[in-house]
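One-letter residues, chain by chain:
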Amino acid sequence: MAAPRANWKGYIKFGEVTCPVALYTAASSSERISFNILNRKTGNRVRREFIDSETGDVVEHDDQVKGYETGNGRYVMLEPEEIAAAIPDSDKTLAIDAFIACTEIDDVYFDKPYYLAPQKMGEEAFALLRDGMREAKVAAIASTVLFRRLRTLLIRPSGDGLIGTTLNFDYEVRPAEDAFQEMTDIKIDNEMLDLAAHIIGTKRGSFDVSKFDDRYEDALAELVKAKIEGKPFKKIAAPKASKPSDLLQALRESAQAMKASTAKRESANTNPARKKVSSNKIASSSSPRRKAG
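In this text, all values refer to a predicted model and were calculated from it rather than measured experimentally. (Residues numbered from 1 in each chain as written. Predicted model: local features only at pLDDT ≥ 70, side-chain atom pairs only at ≥ 80, totals over all residues. Heavy atoms only, no water.)

Engineer: Looking at this model, I keep getting lost on the pattern of salt bridges. Mind explaining?
Structural biologist: Once their charged atoms are close, side chains differing in charge can pair, the charge on each being opposite to the other. Evaluation of the coordinates by the stated rule reveals 6 salt bridges. In this structure, the salt-bridge partner of D111 is R151, at a minimum N-O distance of 2.9 Å. Residue D111 is located in strand 6 (residues 110–118), and its partner R151 is located in strand 8 (residues 149–158); the two are separated by 40 residues in the primary sequence. A relative accessible area of 40% places D111 in the partly exposed class. Across the salt bridge formed by R130 and D131, the nearest N and O atoms sit 2.8 Å from each other. Accessibility expressed as a relative area gives 37% for D131, which makes it partly exposed. (Salt bridge = Lys/Arg side-chain N within 4 Å of Asp/Glu carboxyl O. Helix = DSSP H or I, 4+ residues; strand = E, 2+ residues; numbered from the N terminus. Buried < 20%, exposed > 50% of the residue type's maximum accessible area, 1.4 Å probe, protein only.)

Written out as structure tokens, the structure reads:
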């Protein structure tokens, strides 16, 4: 397997210690099924063109320029060299500004995660930073120019390496008050709280990412496979809407259902004669995901 390609290479600096590092994408949507736009009549791919909104003429690439609307349909044009001059210079250094508690930053500021790994000759300094942060239970706030923008990163120990998460700027995060301003002050009675606590306790578990599937992606893969093989595609039935009921009654029914489910599961676990499901049968019933180009 080919080694992953680094998105960025530079240095991480803490105090007077400098360590060469490489930044790798930690989450990507490149494996998702993607589609092309076709002409329904010919089956050929269609081409996107930029059209002048007033004249209707096609605008070629060399005649296209970025513009900022100042109001009333008026724009100020920005040439590529003017935009390039506004980009801050990069010294390829992730300068750590401070070490903070790992839980100090609200998750709403998290943007995109990257893996940070040491380059040659930097393993010892890298391990020192990683293990020192893990021992002190802290994260680091650092800043550098990434992808032509000055970005702030939250750096945390993760396994053998570090994870650097780019952070949204304050002006990019909308105030929570805007979303919750119309909520009324509701007092929940003790019986409801007790039932809710029971349901939460019954459903308590741990996070296992392998148990969560992208059902939409799987459905698209099945649809594409059926079209390639010329087979009919079985449409997934929409879930039935639950009957309206009052909140307390719904909680009571949920608690009763979970109690019965738990008792049934415990009974099955203590029955030595229970049948085991064949893994081969499960494997044969699931079709592999296929990627459409």
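Engineer: I'm lost on the pairing of strand 9 (residues 161–167) in this one. Help?
Structural biologist: Along any regular strand the residues' side chains alternate between the sheet's two faces. Among the 7 residues that make up strand 9, 7 are buried, leaving the element largely enclosed by the rest of the structure. As paired elements, strand 6 and strand 9 share 5 bridges and run antiparallel to each other. Among the inter-strand pairings, F110 is bridged to a residue of strand 9, identified as L167. Bridge count between strand 8 and strand 9: 6 bridges; the pairing is antiparallel. Each residue of the ladder has a partner; that of L153, found in strand 9, is T166. The turn linking strand 8 back onto strand 9 is made up of 2 residues, and G159 within it adopts a positive phi angle of 60°. (Pairing = 2+ DSSP bridges.)

Engineer: Would you mind showing me how to read helix 5 (residues 215–229) here?
Structural biologist: For an α-helix the count is 3.6 residues per turn, leaving residues at separations of three or four pointing the same way. The terminal C-alpha atoms of helix 5, which comprises 15 residues, lie 21 Å apart, in line with the 21 Å expected from a rise of 1.5 Å per residue. Looking at helix 5, one finds that the buried residues are E217, A219, L220, A221, V224 and A226. Following helix 5 by one or two positions, G230 adopts a phi angle in the positive range, close to 70°. (Expected span 1.5 Å × (residues − 1).)

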